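Below, each chain spelled out in residue letters.
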Amino acid sequence: MHFPDSRPRRPITQALRDSVLEDLPELAQIGHQQLRERCIEAWAYALAESAFERISDLPGEANPGMFRLKRGNQAAHLRGVTRIALAIADDFAGEFPEADIDRDLVIAGGLLHDVGKCWEFDPANRARWTGDPSQTGSPSLRHPVYGAHICLTVGLPEEIAHIALGHSYEGEHLIRSLECLIVQRADHLWWSIAGGCGLLTPENDAILAGRKITPRALRG
Ligand SMILES: [Fe+2]
């Protein structure tokens, strides 16, 4: 049985919060002040509970061992998904003003959907899980579940916890909110297009092939 030494593992400092905003500048586009502040708090808390110093230290992978970027880190993924999700939302809202899409939820959900990766990619957690999966499960919790836990712990609205939980396979058991649907499709699209551009290492080419995607050679 594993009891954490303390909660959080290290202090949540203003420097840590500042690093979150530096790595995810799109946070500034969230209009609702409390939502924006709690998004920063969620990432700061998740990082403080992990071995990662800042978001840009998280590897650019979809899941541990699946879809690894040849270059770039998790911040590139989070920012890209958020911009794509926002483009989807703004395009529909522009063409169909009667469509009721919450822009703040799309931005916050895009930037927070993978907050649980601090847990799932943490080296100490991974060592524990691979040591005896019969004891812990492997992983004990996937990043969508841990991400929802983080969102609720820092007092984010359930709509954001729902996006963290529902953006991946776990969402197949739910009816997704509209904003969760937009983030989920943007997330899936991001990895597929990264694969098509040849930006991913080749271990998972078979998964891309299953999606009828073949990587193009990079320039140079
Ligand atoms: Fe993602």
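Our subject is the structure listed above.
As the structure is a prediction and not an experimental result, all values here were calculated from the model.

Here we come to the pairing of strand β2 (residues 66-73). Bridge analysis of strand β1 (residues 59-63) against β2 gives three bridges, and the strand direction is antiparallel. Directly across from Asn63, in β2, lies its bridge partner Met66. Between the end of β1 and the start of β2, which pair antiparallel, lie two residues, with Gly65 showing a positive phi angle near 85 degrees.

Let us look at the environment of Leu78. You can see Leu78 is positioned in helix α3 (residues 74-95). Those residues in contact with Leu78 that sit more than four places away from it in its chain are Leu24, Leu111 and Asp114.

Moving on, we come to the packing of helix α1 (residues 14-23) against helix α2 (residues 33-48). Relative to each other, α1 and α2 sit at 115 degrees, their axes nearing to 9 Å. The handedness of the crossing between α1 and α2 comes out as right-handed. Contact residues: α1 offers Leu16, Arg17, Val20 and Leu21, while α2 offers Ile40, Trp43, Ala44, Leu47 and Ala48.

On to the nonpolar core. Grouped together as the largest cluster of nonpolar side chains are 53 residues, with contacts concentrated most on Cys39, Ala42, Trp43, Leu112, Cys151 and Ala164. Those elements giving two or more residues to this core turn out to be α2, α3, α4 (103-112), α5 (117-120), α8 (143-153), α9 (158-166) and α10 (178-196). By residue number, the principal contributor to this core is α2, which donates eight residues. If sequence neighbours within four positions are ignored, Cys151 has contacts with Ala42, Leu112, Leu156, Ile160, Ala161 and Ala164.

Cut-offs used in this document
Residues numbered from 1 in each chain as written. Predicted model: local features only at pLDDT ≥ 70, side-chain atom pairs only at ≥ 80, totals over all residues. Pairing = 2+ DSSP bridges. Helix = DSSP H or I, 4+ residues; strand = E, 2+ residues; numbered from the N terminus. Contact = placed C-beta atoms within 7 Å. Axes fitted to C-alpha atoms, helices over the stretch in contact; angles between N-to-C directions. Left-handed = near helix turned anticlockwise from the far one by under 90°. Core = buried A, V, L, I, M, F, W, Y, C linked by C-beta atoms within 7 Å. Buried ≥ 20, exposed ≤ 12 C-beta atoms within 10 Å, placed from the backbone.

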